[in-house]
Amino acid sequence: MPAEPLVLLPLLLLAAVRGRGASGAEEPPAPPARIGVIGAGIGGTAAAYFLRQKFGRDVPIDVFERREVGGRLAPLNVDYEAGGDVIHPKNLHMKHFAEELGLPTLQRQFSPWGIYNGDEFVFEESGWYVWNVLRLLWHYGLNPLRMYMWVQEILDKFMRIYRYQSHDYAFSSNEALLHALGGTSFVQLLNQTIGEAMQKAGFSQKFINEMITPVMRFNYGQGAHINGFVGAVSLLGVDSGLWSVKGGNNLVCNGLLSASEAQLISGTVLSVEEKPRQKGRSGHPAKLYEVTYHSKSGLTTELYDILLIATPLQRQIANITFPNFHPPIPEFSRHYHQTVATFVHGRINTTFFGYQDPSQFVLSSIFTMEHPKLFINSIGIVSPVKKGTAAEPTLG
């Protein structure tokens, strides 16, 4: 019998592991004795939910989390979301989760935005849709329309993932999954910047500088040098129909954890070690995974047949070691980009942006181009996620 896998679970592609991918020639493996999941964000809690559906109620599932359930979806202690605050309308899993858990949703309301280059606004949105479209075409030609079509093509390819999942089909790597979804061009997005990808697709440098770069700065605090696939996903945020969960998107994570009937273990995972062992009456070799973690009761170890890692493997986030793996698991050497969000309860000094009369300033979001004198990436109005907190919006 084949050994059970250790699955490294990327957050974006979390549900691709729903299938086990076992060959049909062999006898189906027995259900695992115990399953562990490291990370209680949307990746880890959704994985626990799917695993419960796959293996039934008799298999114990443990979910490790060193902080608060929700990961990037967890609100700050001031009740404002600084991470995943909106959900795309074609995210079918999140739509299903909200419906299954009975969570009310909120549609994102229209709010005018502008793009500031450090000296003036190069574009300001008005409340008139047709006028906005005409101005975009005047400034950038067909680039905005082509961008919408380009992003929709990427989204249509990515939507194929649901068909694979419905047939319990699994992939052994991100590259294999992306190739199945969109071919070689899809995989190439992993190895080029969003600027390079869009230049290759024929977009003008002016459009990249004045539209694409500000969107990347708004979402990730970076420019057009960000990874191509990440940048393409970021551009999906310009679509209409974005929504969120009333009370905070982290309620999805808490609901999934409860629905999975998994045990939440509050502690910091230190290491995962591969432990070969004879298993079953046939004596076939099997691999178990020993998790060493630190909790309030001290240093503890647990053994699992299946272990999923749903946390970024970066030392500042999850400093986990992997001794005795064959072949060895390489250390994740790249650094995560750190973005600082500052929340201010106040009003914008509109004179900084050239508006002497504050009543004439109607923008809710300000995107910025790269400029040496600018000390901000973006400004946006945000509202608290819970009732009974702040009555007025806050600048974030």
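Quick look at the structure, then.

Cut-offs used in this document
Residues numbered from 1 in each chain as written. Predicted model: local features only at pLDDT ≥ 70, side-chain atom pairs only at ≥ 80, totals over all residues. Heavy atoms only, no water. Salt bridge = Lys/Arg side-chain N within 4 Å of Asp/Glu carboxyl O. Helix = DSSP H or I, 4+ residues; strand = E, 2+ residues; numbered from the N terminus. Phe/Tyr/Trp six-rings, centres within 6.5 Å; stacked < 30°, edge-to-face > 60°. Buried < 20%, exposed > 50% of the residue type's maximum accessible area, 1.4 Å probe, protein only. Lys NZ or Arg CZ within 6 Å of the ring centre and 35° of its normal.

1. Section: the pattern of salt bridges
Okay, step 1: Within the structure shown, the criterion is met by 11 salt bridges.
Okay, step 2: Of the charged contacts in the structure, one is a salt bridge between D119 and K373, with a shortest N-O distance of 3.6 Å. With D119 in the loop between β5 (113–116) and β6 (121–124) and K373 in the loop between β13 (365–368) and β14 (378–382), this residue pair connects regions lying 254 residues apart in the sequence.
Okay, step 3: Between K275 and E290 there is a salt bridge, and its shortest N-O distance comes to 4.0 Å. Here the residue K275 occupies a position in strand β9 (residues 268–279), and E290 occupies one in strand β10 (residues 284–295), the gap between them amounting to 15 residues.
Okay, step 4: It is possible to trace a salt-bridge network through shared partners that takes in R34, D62 and E302.

2. Focus: unusual backbone geometry
Trans peptide bonds make up the majority, and among non-glycine residues the majority have a negative phi.
Okay, step 1: Cis geometry is found at the peptide bond from H326 to P327, where omega equals 0 degrees.
Okay, step 2: Positive phi, close to 65 degrees, is recorded for N324, a residue that is not glycine.
Okay, step 3: Assignment of secondary structure puts N324 in the loop between β12 (306–309) and β13.

3. Structural notes on the packing of aromatic side chains
Okay, step 1: Applying the stated criterion to the full structure yields 28 aromatic pairs.
Okay, step 2: Between Y49 and F97, the ring centres sit 5.4 Å apart and the planes meet at 80 degrees, which makes this aromatic pair edge-to-face. Residue Y49 is found in helix α1 (residues 42–55), and its partner F97 is found in helix α2 (residues 92–101); the two are separated by 48 residues along the sequence. In this pair, the class of Y49 matches that of F97, namely buried.
Okay, step 3: The interplanar angle of 65 degrees and the centroid separation of 5.0 Å between the aromatic rings of F64 and Y293 together place this pair among those described as edge-to-face. One end of the pair, F64, is in strand β3 (residues 61–65); the other, Y293, is in strand β10, with 229 residues separating them in the sequence. By the burial criterion, F64 is buried, and Y293 matches it.
Okay, step 4: Directly above the ring of F123 sits R135, whose terminal nitrogen or CZ lies 4.8 Å from the centroid.

The values reported here are purely geometric and, on their own, carry no functional implication.
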